[in-house]
Structure formats: structure tokens, C-alpha cells
Amino acid sequence: MSASINEVRNDLATALGAIGATVYGWVPEAIIPPACVIIPDSPYLESTLISKSSVSVKINFTISAAVAYNSNPGSLDNLETLVIQILGAMPDGYVVGDVQRPTITNVNTSSLLIADISVSTYYNQDQ
């Protein structure tokens, strides 16, 4: 029996927890930086095989790496360090895509410098 998609996301969150940043497996109301936020990407689930005996999908996530935006040079350095740590903590079985350019995002009253990292893995469920 295969794990659920939620368990796949939680396993990714656990692996990223080793870097010392706050890790969210969902979009939180408030973010405590430095942080990694795991969210579904588009397309989220790509069917690769559907049969009477199993379902196989490619799961696409975005990991948003976020740091406090206090000063541009310092924040950018902190973000680059966090991104490298995330890449080093990726578990086996994941394909890592591009890292998008940093953007300033306001969440509640916090200004964050964020870069999105595209990742994907495969999920199989026996019927």
C-alpha cells in the first residue's frame, strides 16, 4: 500500500526540517522566517497511468523559500543561503527544477523576500 499524497508532502516537509528553517506543508496565515512553504504547483497532479490495479501521478510542488526583507544585500544573501540549503536537503526521488527570481511579498505585516523552487516526484497507489 502506498502512502497518501499528504504523506508525500509531509515527508518532504520532514526532510526540509533538517535545515533549521520553519517548514510549512500548507500556506500559513503568518510566516516565521526563514521559512519553506510547500504548496501545490500547476499542474498539480499529472496522470501517468490509470488502470484497474493502480494509479500513478507526477506531483508538482513549489517550495517558496522566504527570509525577512530588512536590507536588500543582507536579505538576498540570506535567501541564497536558504535556497542552497533546501537544494541540499531534497530527498531522493525528487526532480528539482528552476529557482525563480526573488520577489518581495507582504504577508500580514511582514515583508519577505521569496524565491520559488519547482520540484516534482511520483506517487503510485494500488487499488
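Relevant structure appears above.
Predicted model, so just to flag it, every value in this text is computed and none were measured.

Enquirer: Give me the lowdown on the pattern of salt bridges, citing residues and values where you can.
Expert: Summed over all chains, the structure comprises one salt bridge. Notably, a salt bridge pairs K58 with E46, separated by 4.0 Å at the nearest N-O pair. Within this pair, whereas K58 is found in strand β3 (residues 54-68), its partner E46 is found in strand β2 (residues 35-50), the two being separated by 12 residues in sequence. Its relative accessible area of 30% is what places E46 among the partly exposed residues.

Enquirer: Provide a residue-level description of unusual backbone geometry, including the pertinent values.
Expert: Glycine aside, a negative phi is what most residues show, and trans is what most peptide bonds show. In this structure, P34 follows P33 across a cis peptide bond, with omega equal to -10°. As for its placement among the helices and strands, P34 is situated in the loop between β1 (22-24) and β2. Cis peptide bonds are those with omega within 30 degrees of zero, and the linkage from S42 to P43 qualifies with 0°. Summarising the element assignment, P43 is placed in strand β2. Residues other than glycine seldom take positive phi values, yet N108 does so here, at roughly 55°. Position of N108 among the secondary structure elements: in the loop between β5 (103-107) and β6 (110-126). Note on N108: relative accessible area 61%, which makes it exposed.

Reading the values: the criteria
Residues numbered from 1 in each chain as written. Predicted model: local features only at pLDDT ≥ 70, side-chain atom pairs only at ≥ 80, totals over all residues. Heavy atoms only, no water. Salt bridge = Lys/Arg side-chain N within 4 Å of Asp/Glu carboxyl O. Helix = DSSP H or I, 4+ residues; strand = E, 2+ residues; numbered from the N terminus. Buried < 20%, exposed > 50% of the residue type's maximum accessible area, 1.4 Å probe, protein only.

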